[in-house]
Amino acid sequence: MRSTVIAALGFALVSCGSGSPDWAKLAGKCASPRTGTDPTTGRAYTDQKGSLNDEQMFLRAWTDDTYLWYSEVPAVNPAEFTRAPTLNDGSGATDYFEKLKTTAKTASTNDKDRFHFWIPTDEWLNMSQSGVEVGYGITWVVLKGPKAPRQYVAGFIEPGSPADPKVTRGVQIVSIDGADFVNGNDVATLNAGLFPATAGEHHAFVVQDINTGAQSSVDLVSAAVTENPTPTVKVINTGAGLVGYILFNDHIATAEGALIDAVNQLKASAAAAQSSISDLVLDIRYNGGGYLAIASELAYMIAGPNATSGRTFERLTFNSKHPSTDPVTDRALAPTPFYPQGSGLSVPRGTPLPSLDLSRVFVLTGSGTCSASESILNGLQGVNIQVIQIGRTTCGKPYGFYTFDNCGTTYFSIQFKGVNAMGFGDYPDGFTPGAATPGSFAGCVVVDDFAHALGDAAEGRLAAALVYRNSPTCPAQPTRALRAALPQEGVVLKSPWRQNRIVQP
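This is a predicted model, so every value here is computed, not measured. (Residues numbered from 1 in each chain as written. Predicted model: local features only at pLDDT ≥ 70, side-chain atom pairs only at ≥ 80, totals over all residues. Heavy atoms only, no water.)

Caption draft 1: Molecular detail of helix H4 (residues 121–130). Here H4 has its buried residues at Thr121, Trp124, Leu125, Met127 and Ser128. Positive phi appears at glycine 131, one or two residues downstream of H4, with a value of about 75 degrees. (Buried < 20%, exposed > 50% of the residue type's maximum accessible area, 1.4 Å probe, protein only. Helix = DSSP H or I, 4+ residues; strand = E, 2+ residues; numbered from the N terminus.)

Shown next as structure tokens:
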């Protein structure tokens, strides 16, 4: 049994507390107990021989005690879910888990809980701790789909990955292994190509440049890809001062050291020019979240000690059964501060953090901007740092969860909501630039510009931010009616999240 807290999202290993709730007593009773050494503890697995029903009863008890909307979970008979485990494809336990969530809707008719999922524990550990996953190194932006007609466009290609330099930003998928991607029904072939299960798989893609219409055939071979969470860091010299740019793609553990290096790089570049960074553009359009501690550290590095010392970055609230105590750790609730030192994720704990000491920040967003990334915007606004948002509406996840590894599956079930120092955290439909709604930010709606590389000063969102610095005006965009008709912009963040798997038309 192992639990990890993801505070919108953010992690820290915890114990189950002294209260020994019913779900803790049920955990670790497995239909197929694991043997050998647990890589996170260095000790033998504590799994005991149990049954599928034991695993299901743990999930129900865990949900009833800790799920944020526990009273809205429907009654579901676990005996209806008996599927034998299939490698990386679920079982009767995971099928049952997928029903243990609210069916309510938000004001905009989105599902209230769009974030309920599970993942094989070994995959989760590889992804969250080191950024390693099997794939090609492509972040696909979903303009239409997952049902036909589909339009998936390459938004970012990991440098040094199997897709680099075969695939470039702005190409869209035409076919995979001979199967029509846009309108086809062969979803098994499409999914197998999009989400390779093992390294060394060959898949034949036909892609088309979204700007020129030119098509090309590309053979992609899957591999274990290690993500660089900050692949582009640069200083842009403008007539109105130096502007730092950081492309930040994931709040994984290695991002802690990478962000420290990025801020130090910006400061060193500015010092070499005998100047300082006057503004920062933080590009998190494809950042789906991760460690909350890293979000807090980055917010501190942006704003500095004068604005953040002794202040709350985010405060967590649980369900009505637990108004003052964390139900997993059994500890009294306390706010998350702006961390001025490293948390020990990829630098020694206590490492002093550099800071830019800025009173405002420009943030480039899309619907792939989610969870801990949204916490950066909300947390900074909570201490009166001006946040200017350029891009599209964020995903809308003011919630978080404790991951729980039970019998080799890691479960994610919403357990708390995060609010900033002003008590605001009501954004289940995301932040829209320039919206006249509570908690929104000044800024501009700007569509993703696939004709330019990320970090290119001519790229649409970055260019809009550079103009806005001197004159708070926005570039011409489609009319409101046309904008409402634009396809929803989504992101296949990582294959294990499975948020955009192809489904039968």
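Caption draft 2: Structural context of the sheet that holds strand S24 (residues 442–445). Pairing is mixed across the open sheet formed by six strands, whose spatial order is S14-S15-S16-S19-S20-S24. At either end of the open sheet lies a strand with only one pairing partner, and these are strand S14 (232–238) and S24. Put simply, the sheet's adjacent strands are angled 20 degrees from each other on average, direction ignored. Of the strand pairs in this sheet, strand S20 (residues 386–391) and S24 are connected by four bridges, and their pairing is parallel. Looking across to S24, one finds that glycine 391 is bridged to valine 445. Where helix H9 (residues 372–381) meets the sheet, it contacts strand S16 (277–283), strand S19 (360–365) and S20, and its direction lies at approximately 150 degrees from that of S20. (Pairing = 2+ DSSP bridges. Axes fitted to C-alpha atoms, helices over the stretch in contact; angles between N-to-C directions. Contact = heavy atoms within 4.5 Å.)

Caption draft 3: Spotlight on the nonpolar core. In this structure, Ile246, Phe248, Leu259, Leu280, Leu282, Val361 and Leu380 are the most contacted members of the largest nonpolar core, which totals 46 residues. For this core, the elements supplying multiple residues, two or more each, are strand S15 (241–247), helix H6 (255–272), S16, helix H7 (292–303), S19 and H9. Here this core takes nine residues from H7, the largest share from any one element. In this structure, valine 361 is in contact with Leu280, Leu282, Ile302, Leu380, Gln386, Val387 and Ile388, ignoring residues within four places of it in sequence. Counting 36 residues, the second largest nonpolar core, distinct from the first, contains Ala61, Trp69, Phe97 and Phe416. (Core = buried A, V, L, I, M, F, W, Y, C linked by side-chain atoms within 4.5 Å.)

Caption draft 4: Structural context of the state of the cysteines. Inspection of every chain in the model, using the stated rule, returns three disulfides. A sulfur-sulfur distance of 2.1 Å marks the disulfide that ties cysteine 30 to cysteine 407. Taking the sign of the S-S torsion, -85 degrees for the link of cysteine 30 and cysteine 407, the bridge is left-handed. Placement of cysteine 30 in strand S3 (residues 29–30) and of cysteine 407 in the loop between strand S21 (399–406) and strand S22 (409–412) is noted, with a sequence separation of 377 residues between them. Counting its disulfide-bonded cysteines in sequence order, the chain shows a connectivity of 1-4, 2-3, 5-6. (Disulfide = S-S within 2.5 Å.)

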